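Overview (structure and organization)
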Amino acid sequence: MFSDNKKPRPMNEFGGQPNRIEKNTKIKGDITSEADFRIDGKLEGNVKTSGKVVIGKDGYIKGKVECVNSDIEGKFNGELIVKDLLSLKASAVIEGTVSVTKLAVEPGATFNASCTMGKGAIAPSPGVAPKLEPTKTNEPAKIS
């Protein structure tokens, strides 16, 4: 009936149990964490995590979100910075500015955002000037 072979629950790879903001919960303020976040309620503020941010179908965030990956089914309004993959489900509604390395959008998603994509898309920290590469000019080939 009961086994002595209890396996420990796997911890989140980013350090800790995932956090949840449940439906019918409203929060104003900033959140910083190293674990994943799932928002099914409403958040007005900023989220910064080295994990994944999931906005459920009834979830809403107004503010700035910085994370590694994100799955969005609900609504987002603000600045979204995703270091790897942003996945927008069919029910997602995105407004604002988005900076992402990879983007997956299901048919039906609403994406009314200014978007910067690619490995160089993630904005550097404030006060740090981006490194510019010198431009090369095309010169005719020289015959030896």
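What you are looking at is a predicted structure, and each value in this text was computed from that prediction instead of being measured.

Looking at the overall build of the chain
When you go through the chain residue by residue, the secondary structure sums to 0 helices and 12 strands. The order of α-helices and β-strands along the chain, N terminus first, is β-β-β-β-β-β-β-β-β-β-β-β. Taking all 144 residues of the chain together, the buried fraction comes to 31%. Taking the intrachain contacts of the chain between residues at least 6 apart in sequence as the baseline, contacts between residues at least 24 apart amount to 4%.

Describing the side chain of Ser 87
Along the chain, Ser 87 falls in strand 10 (residues 75-88). Within the structure, Ser 87 has its side chain in polar contact with the side chain of Lys 89 (distance 3.4 Å). The residues touching Ser 87, leaving out its near neighbours within four places in the chain, are Ser 70, Asp 71, Ile 72 and Ala 104.

Observations regarding the confidence of the model for the chain
Here the chain averages 82 in pLDDT, while 72% of its residues score no lower than 70. This model gives residues 7-14 a pLDDT under 50, and the stretch forms 8 contacts once residues within four places in sequence are excluded. Note on residues 127-132: pLDDT is under 50 here. Beyond four places in sequence and across chains, it has 0 contacts.

Digging into the pattern of salt bridges
Applying the stated criterion across every chain, the model contains 7 salt bridges. Residue Lys 23 pairs with Asp 58 through a salt bridge whose shortest N-O separation is 3.3 Å. Of the two residues, Lys 23 sits in the loop between strand 1 (19-21) and strand 2 (26-28) while Asp 58 sits in the loop between strand 7 (52-55) and strand 8 (60-67), which places them 35 residues apart along the sequence. Here Lys 23 falls in the partly exposed class, since its relative accessible area comes to 49%. A salt bridge links Lys 52 to Asp 71; the nearest nitrogen and oxygen atoms lie 2.9 Å apart. Placement of Lys 52 in strand 7 and of Asp 71 in strand 9 (residues 69-72) is noted, with a sequence separation of 19 residues between them.

Some thoughts on the nonpolar core
Ranked by internal contacts, the top residues of the largest apolar core, which has 21 residues, are Val 53, Ile 61, Val 65, Ile 72, Phe 76, Leu 80 and Leu 86. Residue contributions to this core peak at 5 residues, all from strand 10. Leaving out residues up to four positions away in the same chain, Ile 61 has contacts with Ile 39, Leu 43, Gly 45, Val 53, Ile 55, Lys 75, Phe 76 and Asn 77.

Calculation criteria
- Residues numbered from 1 in each chain as written.
- Predicted model: local features only at pLDDT ≥ 70, side-chain atom pairs only at ≥ 80, totals over all residues.
- Heavy atoms only, no water.
- Helix = DSSP H or I, 4+ residues; strand = E, 2+ residues; numbered from the N terminus.
- Buried < 20%, exposed > 50% of the residue type's maximum accessible area, 1.4 Å probe, protein only.
- Contact = heavy atoms within 4.5 Å.
- Polar contact = N/O pair within 3.5 Å; in protein donor to acceptor, adjacent residues only side chain to side chain.
- pLDDT = per-residue confidence, 0-100.
- Salt bridge = Lys/Arg side-chain N within 4 Å of Asp/Glu carboxyl O.
- Core = buried A, V, L, I, M, F, W, Y, C linked by side-chain atoms within 4.5 Å.

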